[in-house]
Structures are given as C-alpha cells and as structure tokens.
Amino acid sequence: MAKKEFDYKKSRAELDELLAWFENGDVSIDEAIAKYQRAEELLQELESYLSDTQAKIELLTKKATKGE
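Figured I'd write up the structure that's included with this text. Treat the numbers as computed from the prediction; the structure is a model and nothing was measured.

1. Topic: the nonpolar core
Across soluble globular proteins, nonpolar side chains show a tendency to be buried alongside one another.
Then, number 1: Listed in full, the 5 residues of the largest apolar core are Leu15, Leu18, Ala39, Leu42 and Leu46.
Then, number 2: When residues of this core are traced back to their parent elements, those giving at least two are helix 1 (8-24) and helix 2 (29-66).
Then, number 3: Broken down by element, the residue count for this core peaks at 3 residues, all from helix 2.
Then, number 4: Beyond its immediate stretch of four places on either side in the chain, Leu42 contacts Ser11, Glu14, Leu15 and Leu18.

Set out below in structure tokens:
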C-alpha cells in the first residue's frame, strides 16, 4: 500500500477549523473528544513534517556551504 502524501496546507486548515470549533463554545463532550483526538493527530503530523523539513534545509545548507 502506497504511503499517503502529506499536505501541509490541508492539514493546517483542518486544524484551524477544529480550533475555531472549540472556540465557538457550544460543543458536545462526545464530539469534543473526537475532535480533540483528531487535533492531536494533526499536531503530531505537522510537527513531524516541520521537523523533517528543517532537517532537510540544514542538510542542504551544509552541502551548499561546503561547495563554496
């Protein structure tokens, strides 16, 4: 099975929607638990993606400075 391509913009937008939902104040506890779990998943995915991206940038920067 092929690995699903990560879409930063889509994940960030979904997280923003979840946060707005929580800020609304009119939430059911069952729905809140499910949305909280999804928000946690998104946060982990986003943090991992950003960490990987930072590592790639640092590697490219090292390669570029060695080539000078």
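2. A word on the environment of Glu23
Then, number 1: With respect to the element layout, Glu23 can be found in helix 1.
Then, number 2: Residue Glu23 is classed as exposed on the basis of its relative accessible area, which comes to 68%.
Then, number 3: Distance in space between the C-alpha atoms of Glu23 and Ala34 is 15 Å, their sequence separation being 11 residues.

3. Remarks on the side chain of Ser11
Then, number 1: Its place among the elements puts Ser11 in helix 1.
Then, number 2: The residues contacting Ser11, other than those within four sequence positions of it, are Phe6, Leu42, Glu45 and Leu46.

4. Details of the pattern of salt bridges
Then, number 1: One pass over the full model with this rule turns up 4 salt bridges.
Then, number 2: Between Arg12 and Asp16 there is a salt bridge whose closest N-O contact spans 3.2 Å. Of this pair, Arg12 and Asp16 are both found in helix 1, 4 residues apart, which corresponds to roughly one turn of the helix.
Then, number 3: Salt bridges sharing common partners tie together Glu14, Arg38 and Glu41.

Conventions and cut-offs
Residues numbered from 1 in each chain as written. Predicted model: local features only at pLDDT ≥ 70, side-chain atom pairs only at ≥ 80, totals over all residues. Heavy atoms only, no water. Core = buried A, V, L, I, M, F, W, Y, C linked by side-chain atoms within 4.5 Å. Buried < 20%, exposed > 50% of the residue type's maximum accessible area, 1.4 Å probe, protein only. Helix = DSSP H or I, 4+ residues; strand = E, 2+ residues; numbered from the N terminus. Contact = heavy atoms within 4.5 Å. Salt bridge = Lys/Arg side-chain N within 4 Å of Asp/Glu carboxyl O.

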